[in-house]
Amino acid sequence: MSKFTFTGGIHPFDGKSLSKDKPIVDILPKDELVYPLSQHIGAPAKAVVAVGETVKRGQMIAEAGGFVSAPIYASVSGTVTGIAPHRIVTGDMVESIIIKNDHEYIEVEYDPADPDELSKEEIIARIQKGGVVGMGGAGFPTHVKLSPKKPETIDYVIANCAECEPYLTSDYRRMVEEPEKLVEGLKIILRLFDNARGILAVEDNKPDVIDKLKKLTKDESRILVKALKTKYPQGSERQLIYATTKRAINSSMLPADAGCVVDNVDTIVAIYNAVKNGIPLMERIVTITGDCIKNPVNFRVHIGQSYRELIEEAGGFRTQPAKIVSGGPMMGFALFDLDVPTTKTASACLCLSEDEVSEAKSTNCINCGKCLEVCPGRVMPRKLMDLAVKGDLEGFEKLGGMECCECGCCSYICPAKRQLTQSIKSARKIVLANRRKAK
Amino acid sequence: MSDLMNVSSNPHIRSKVTTGMIMYCVIIALMPATVFGVYNFGIYSLALVAVTVVSAIVTELVFELIFKKKITIGDGSAVVTGLLLALNLPPKAPLWIGIIGAVFAIFVVKMLFGGLGQNFMNPALGARCFLLISFPAIMTNFETGIEAYSGATPLARLNAGEAVNVLDMVLGRTSGTIGETSVIAIVIGACLLILLGIIDLKIPGMYIVSFAIFIGLFGGHGFNGYYIAAELAAGGLMLGAFFMATDYVTRPITLKGQLLYGVLLGILTGAFRVFGSGEGVSYAIIIGNLCVPLIEKITVPKAFGEGGERI
Ligand code: SF4
Ligand code: SF4
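None of these values were measured; they are calculated from a predicted model.

Scoring rules and cut-offs
- Residues numbered from 1 in each chain as written.
- Chains lettered and ligands numbered in written order.
- Predicted model: local features only at pLDDT ≥ 70, side-chain atom pairs only at ≥ 80, totals over all residues.
- Heavy atoms only, no water.
- Pairing = 2+ DSSP bridges.
- Helix = DSSP H or I, 4+ residues; strand = E, 2+ residues; numbered from the N terminus.
- Core = buried A, V, L, I, M, F, W, Y, C linked by side-chain atoms within 4.5 Å.
- Buried < 20%, exposed > 50% of the residue type's maximum accessible area, 1.4 Å probe, protein only.
- Contact = heavy atoms within 4.5 Å.
- Disulfide = S-S within 2.5 Å.
- Near = heavy atom within 4 Å.
- Nonpolar A, V, L, I, M, F, W, Y, C, P; charged D, E, K, R; others polar.
- Domains from an automatic or database assignment.
- Buried area = accessible area lost by both parts, 1.4 Å probe.
- Salt bridge = Lys/Arg side-chain N within 4 Å of Asp/Glu carboxyl O.
- Polar contact = N/O pair within 3.5 Å; in protein donor to acceptor, adjacent residues only side chain to side chain.
- 1 Å grid on protein atoms, 1.4 Å probe; cavity = no way out; pocket = protein on both sides within 12 Å on 5 of 7 lines; lining within 4 Å.
- Points joined across faces, edges and corners; volume = space filled by probe spheres on them.
- Axes fitted to C-alpha atoms, helices over the stretch in contact; angles between N-to-C directions.
- Parallel < 35°, antiparallel > 145°, perpendicular 65-115°, else oblique.
- Left-handed = near helix turned anticlockwise from the far one by under 90°.

1. Notes on the sheet that holds strand E5 (residues 60-63) of chain A
Residue and element names in this part refer to chain A. The strand order across the open sheet formed by three strands is E3-E5-E6, and the pairing between neighbours is antiparallel. Each edge of the open sheet is held by one strand with a lone partner, namely strand E3 (46-47) and strand E6 (72-73). By the bridge criterion, two bridges tie E5 to E6 in an arrangement that is antiparallel. The partner of Met60 across the bridge, within E6, is Tyr73.

See the structure below:
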């Protein structure tokens, strides 16, 4: 099998076996659901319901706050009990709509359509209306991504099926159980780009999925399946584009600049639901796993359910965790609090015990060069950290600090356990903030 | 809940490899050469090795106690320094030579610059050069009382134009410092480090190849395989190439820089051997150490996608 890959990267313990063979389970939410108005990149959504109002499942409760924004839908029927700041996974307080579930699940009428009959504009409008955003973590509104300046220059639509983060299995389960939706979704995106071919990019640790997708697409002349080498961060956008097309883009370029559009599995399925069935984004697959969880599992959750509910549904803790992470272990957020809602971008809840979290103290850098070797951004993490700590932002930018994708490989590999990613990340944040101010 | 949970930044998992583990692997990799040296030169050399290693550890500990620093002797780096220094001493050198060398290596070359990772010169080599300059007679006395392993080293004989037996040199049946004589023992240890991914062939490979070419060009014997092999096996070249030129702290961190550094060491060592007198490995590596900042500056890697073109 030919292998597509990038330079750098690591092979951490993948932990996927905990939940890999657990079929997706539908769970019903408890009484209260919380919908932060900002769960995507761009302007926050604007609430269109008032406290006391009754809502149906599938009803828009907040409209997009601009072009780069996305509407939000109620995932249950019930009553709006509050619109107030609520803590979210990052620890910030964000204005949120709170709905009391009436457990009736009364739904609005959806408006299905035949994608082949729709014009390009109609397809994009349906995606926009469906509130679809990048569900891999970034949360960039999908309709914006799918509207590049020159759609005719797009020659690859890449379905990011790598799922390279350890422990995560939600995309894997989706591909095992509902691969048709993924392929149909990809076909819908291809409708938008006449000159493009679709690539299903899967890591080669999922041979069953590769076989299945190959079979499903054998009559599709525009779609091919590519097996990628299993390596973290194979699914990072820039690395994925390089692995599949050998085009390298830097941090200031968009995938479209290299003729590519990239979407992950869940996003493509959400596109399928929004375009074909007219069903907005209200649910997603979340992996609940880690060595501290009694029954690691993959849930289909109603967006807005709290992490505490999900952990309880998974049987609670086997042992007290030292760290609870939303998302994967390499790039996820450590949670302050379990009473935070799942959002469109929540891919997993990971409960790790002490020894997996690795509490090791940082020691002096021994200049071993491992961080350089593994860095997919091909920069020098050890020097960047020194500059970041010193506050020399100019030097930091000069040495390519902005090309870091915050993947965490350098901190992972460092034998001295230095906080490389963390300091580089903070410096990048300051540089970005300064740039915004300068504008 | 909040105070129970650890909310540090990503990544939330770390590789199990630590600085200490790397150092202990290096120590294990030095064992074949050490054991072979002791076996050859007798039990006294074991005492010399032990005293040097212990002095290195004690110096680091005392320094850290006096200056109220974090105690770092557990990371094994002092042992590595002590051991490397000992392997570079003549088998019958007095014990106080080992002690002075270890104190100099740790106190002056390592700790005064801020400890592990901050020094710009390899501590063991710095100490060896210091001893060579201060006590030349002792440091070049290779009499051991054991006939086969005594007297002029193969390198000295090579320089004097005498014949040498390369096979004996590869096996280590010659005189020399405790750890440098057996190419085989050194290479076994080096292979271990290469297999474990702790070192790679970039620096040693470039070093050896460029040295061989230099000797071929300027050594006065042309590209005579036997002569080049003898030069390669002689002196501390193998020990230096695999265990000292590869020292993380004092070699360039960039990949291209490492290749350049290897070539530089090869040329310098060759020049010392051909135009100077005798051993050039230690001085070559120390000069190389001093060039590292410059080498790193001119070999900054290109970031991923840098200069990428839009279509
Ligand atoms: S510097 Fe950034 S891109 Fe490079 S390994 Fe570290 S986190 Fe990843
Ligand atoms: S991996 Fe850690 S110890 Fe090694 S060079 Fe990078 S920062 Fe230094």
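2. Overview of the nonpolar core
Within the largest apolar cluster, 80 residues are counted, with the highest numbers of intra-cluster contacts made by Leu30(B), Met238(B), Phe242(B), Phe243(B) and Ile285(B). One finds Leu118(A), Phe193(A), Leu200(A) and Ile303(A) within the second-largest nonpolar core, a separate group that totals 41 residues.

3. Overview of the environment of Ala84(A)
All names here are of chain A. Checked against the element boundaries, Ala84 lands in strand E7 (residues 78-87). Each C-alpha atom, one on Ala84 and one on Leu384, is 40 Å from the other, the two residues being 300 residues apart in sequence. If we skip the residues at most four places from it in the chain, Ala84 touches Val94, Glu95 and Ser96.

4. A look at the pairing of E5(A)
Looking at chain direction, E3(A) and E5(A) are connected through two bridges and run antiparallel. Paired with Lys46(A) across the strands is Glu63(A), a residue of E5(A).

5. Some words on the state of the cysteines
In the structure shown here, the tally under the stated rule is zero disulfides over all chains. Free of any disulfide, Cys351(A) has its nearest cysteine sulfur in Cys349(A), 4.3 Å distant. Cys25(B) supplies the cysteine sulfur nearest to Cys191(B), a cysteine that is in no disulfide, at a spacing of 15 Å.

6. Concerning the site of ligand 2
With respect to spatial proximity, 13 residues lie near ligand 2, and among them Cys365(A), Cys368(A), Gly369(A), Cys371(A) and Cys414(A) are the closest. One chain alone does not account for the residues near ligand 2; they come from chains A and B. For the shell around ligand 2, the residue count by class is nine nonpolar, two polar and two charged.

7. Focus: the environment of Val187(B)
Residue and element names in this part refer to chain B. Examined against the element boundaries, Val187 turns out to sit in helix H9 (residues 183-195). Exposure remark for Val187: the relative accessible area of 28% places this residue in the partly exposed category. As a C-alpha pair, Val187 and Ile228 span 41 residues in sequence and 18 Å in three-dimensional space.

8. With respect to the domain arrangement of chain A
All names here are of chain A. Domain boundaries assigned for chain A yield domain 1 (112-277) and domain 2 (370-438). If you look at the interface, domain 1 gives seven residues, while domain 2 gives seven residues. Across the domain 1/domain 2 interface, buried area totals approximately 530 Å², and carbon plus sulfur atoms make up 47% of it. Where domain 1 touches domain 2, the interface holds one salt bridge. Along the contact surface separating domain 1 from domain 2 lie five residue pairs in polar contact (both at pLDDT 80 or more). Among the residues making up the side of domain 1 that touches domain 2, the classes are represented as two nonpolar, four polar and one charged.

9. A word on the interface of chain B and chain A
Taken together, the contacts link 45 residues of chain B with 69 residues of chain A. When the two sides are added together, the surface that chain B and chain A hide from each other amounts to roughly 4600 Å², 55% of it contributed by carbon and sulfur. The interface formed by chain B and chain A holds one salt bridge in total. Lys383(A) is the salt-bridge partner of Glu296(B), the closest N and O atoms lying 2.4 Å from each other. Taken together, the links from chain B to chain A amount to 20 residue pairs in polar contact (both at pLDDT 80 or more). Considering only residue class, the side of chain B that touches chain A consists of 18 nonpolar, 18 polar and nine charged.

10. Focus on the site of ligand 1
What surrounds ligand 1 is the set Cys375(A), Pro376(A), Pro381(A), Cys404(A), Cys405(A), Glu406(A), Cys407(A), Gly408(A), Cys409(A), Cys410(A), Thr421(A) and Ile424(A). In the shell around ligand 1, the residues fall into nine nonpolar, two polar and one charged.

11. Regarding the layout of surface pockets
Size it by volume and the second largest pocket reaches roughly 530 Å³. Along the walls of the second largest pocket sit 21 residues, with Arg382(A), Lys383(A), Val292(B), Pro293(B) and Glu296(B) positioned nearest its centre. At the level of elements, helix H11 (381-390) of chain A together with helix H14 (281-298) of chain B are the ones that each hand at least two residues to the lining of the second largest pocket. Residue composition of the lining of the second largest pocket, grouped by class: eight nonpolar, six polar and seven charged.

12. Structural notes on the packing of helix H5 (residues 123-134) of chain B against H14(B)
All names here are of chain B. Between H5 and H14, the shortest axis-to-axis distance is 10 Å and the interhelical angle comes to 130°. By the criterion of interaxial angle, the relationship of H5 to H14 is oblique. Taken as a pair, H5 and H14 cross one another with a handedness that is left-handed. Along the contact surface, H5 presents Leu125, Gly126, Arg128, Cys129, Leu132 and Ile133, while H14 presents Ser282, Tyr283, Ile285 and Ile286.

13. What about the pattern of salt bridges?
Residues and elements named next belong to chain A. Under the criterion given, the structure shown has 30 salt bridges over all chains. Ionic pairing is found between Asp111 and Arg126, a salt bridge with its closest N-O pair at 3.5 Å. With a gap of 15 residues between them, Asp111 in the loop between strand E8 (93-101) and helix H1 (120-129) and Arg126 in helix H1 connect regions that are remote in the sequence. Relative accessible area serves as the criterion here: at 15%, Arg126 is assigned to the buried category. We note a salt bridge from Arg382 to Asp386, for which the minimum N-O separation is 3.3 Å. Taken together, the residues span about one helical turn, with Arg382 and Asp386 both in helix H11 at a distance of four residues. A residue is classified by how much of its surface remains accessible, and Asp386, at 29% relative accessible area, is partly exposed. Among the charged side chains, a network of salt bridges with common partners joins Asp26, Arg174, Glu178, Lys181, Asp266, Arg284 and Arg300.

14. What to know about unusual backbone geometry
Between Tyr232(A) and the following residue, Pro233(A), the backbone shows a cis peptide bond with an omega angle of -10°. Geometrically, the link from Asn10(B) to Pro11(B) is a cis peptide bond, its omega value of -5° lying close to zero. With respect to the secondary-structure elements, Pro11(B) resides in the segment before helix H1 (19-41). One non-glycine residue, Glu163(A), lies in positive phi territory at about 40°. Assignment of secondary structure puts Glu163(A) in the loop between strand E9 (156-161) and helix H3 (170-177).

15. A closer look at H3(A)
Of all eight residues that make up H3(A), seven are buried, and the element is covered over most of its length. Within the span of H3(A), buried status applies to Ser170(A), Asp171(A), Tyr172(A), Arg173(A), Arg174(A), Met175(A) and Val176(A).

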